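Coordinate inspection notes
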Amino acid sequence: FGGGIQSTEDLRLVLESGADMVTAGSVAVKKPELVLEWFEQFGADRIILGADVRGEKVAIHGWQEDTRFDINSLIRQYQKHGLKQVICTDIDRDGMLQGPNFELYRNLSAQFPEIHFIASGGVSAIEDLFKLQTTGVSGVIIGKAFYEGTIDIKQLDEFLC
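A brief look at the structure comes next. (Residues numbered from 1 in each chain as written. Predicted model: local features only at pLDDT ≥ 70, side-chain atom pairs only at ≥ 80, totals over all residues. Heavy atoms only, no water.)

1. A word on the packing of helix 1 (residues 8-16) against helix 3 (residues 32-42)
The axes of two packed helices give the description: the angle between them and the distance between them. Two numbers describe how helix 1 lies on helix 3: the axes approach to 11 Å, and their chain directions differ by 40 degrees. The hand of the helix 1/helix 3 crossing is right-handed. Across the interface between the two elements, T8, L11, R12 and L15 from helix 1 touch L34, W38, Q41 and F42 from helix 3. (Axes fitted to C-alpha atoms, helices over the stretch in contact; angles between N-to-C directions. Helix = DSSP H or I, 4+ residues; strand = E, 2+ residues; numbered from the N terminus. Left-handed = near helix turned anticlockwise from the far one by under 90°. Contact = heavy atoms within 4.5 Å.)

2. Description of the packing of aromatic side chains
Considering all chains together, one arrives at three aromatic pairs under this definition. When the centroid spacing of 5.7 Å and the interplanar angle of 40 degrees are considered together, the rings of F39 and Y78 count as tilted. One end of the pair, F39, is in helix 3; the other, Y78, is in helix 4 (residues 71-79), and 39 residues separate them in sequence. With a centroid separation of 6.1 Å and an interplanar angle of 70 degrees, the aromatic rings of F146 and Y147 are classed as edge-to-face. Under the relative-accessibility criterion, Y147 is labelled exposed at 72%. Its guanidinium or amino end placed over the ring of F102, K131 lies 4.4 Å from that ring's centre, counting from NZ or CZ. (Phe/Tyr/Trp six-rings, centres within 6.5 Å; stacked < 30°, edge-to-face > 60°. Buried < 20%, exposed > 50% of the residue type's maximum accessible area, 1.4 Å probe, protein only. Lys NZ or Arg CZ within 6 Å of the ring centre and 35° of its normal.)

3. As for the environment of F117
Within the secondary structure, F117 is located in strand 6 (residues 116-120). Under the relative-accessibility criterion, F117 is labelled buried at 1%. A C-alpha to C-alpha distance of 7.8 Å links F117 and G136, two positions 19 residues apart in sequence. Contacts of F117, omitting those with residues within four sequence positions, involve I75, V86, L108, S109, F112, V137, S138 and G139.

4. Focus: the pairing of strand 6
The buried fraction of strand 6 is high, at four of five residues. Handedness of the crossover joining strand 5 (residues 85-90) and strand 6 through helix 5 (residues 102-111): right-handed. For strand 6 and strand 7 (residues 139-141), the ladder comprises three bridges, and the chain directions are parallel. Bridge pairing in strand 7 places A119 opposite V140. In the classification by handedness, the crossover that spans strand 6, the intervening helix 6 (residues 126-133) and the parallel strand 7 is right-handed. (Right-handed = clockwise from strand over helix to strand, strands pointing away. Pairing = 2+ DSSP bridges.)

And the structure:
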């Protein structure tokens, strides 16, 4: 589940409603002490760090507010407390169908090999998925490419087999 979790009550409701994992994005930047409480109370394996990046700087609140955090320092901050997964969206590529930022994901996977990265932003064709496999990411979010028909269900099925 992702989007809008701002309190322990919100998180508890989402988990009790059946979500296995929850994404902490803006709240992870604005209220790190709260997110660390969630790591302890609910388990670090249930919290996915959501990091939207422009360049290497993290943006929050729907990409409207740039922060002083670079992606590496944000990950490092949570890694020492058991962070397992990160959804990383390259804002400059999201929705552009120009291909993912392979270099970003390759660098993150190399620097943090024990963390599972989910790439987001820019996927334009099935070939991007094959190339993303070489970067070390564990997953990918496909949005506009699916809606625009540049990737279809049959291609995804063949890719997964």
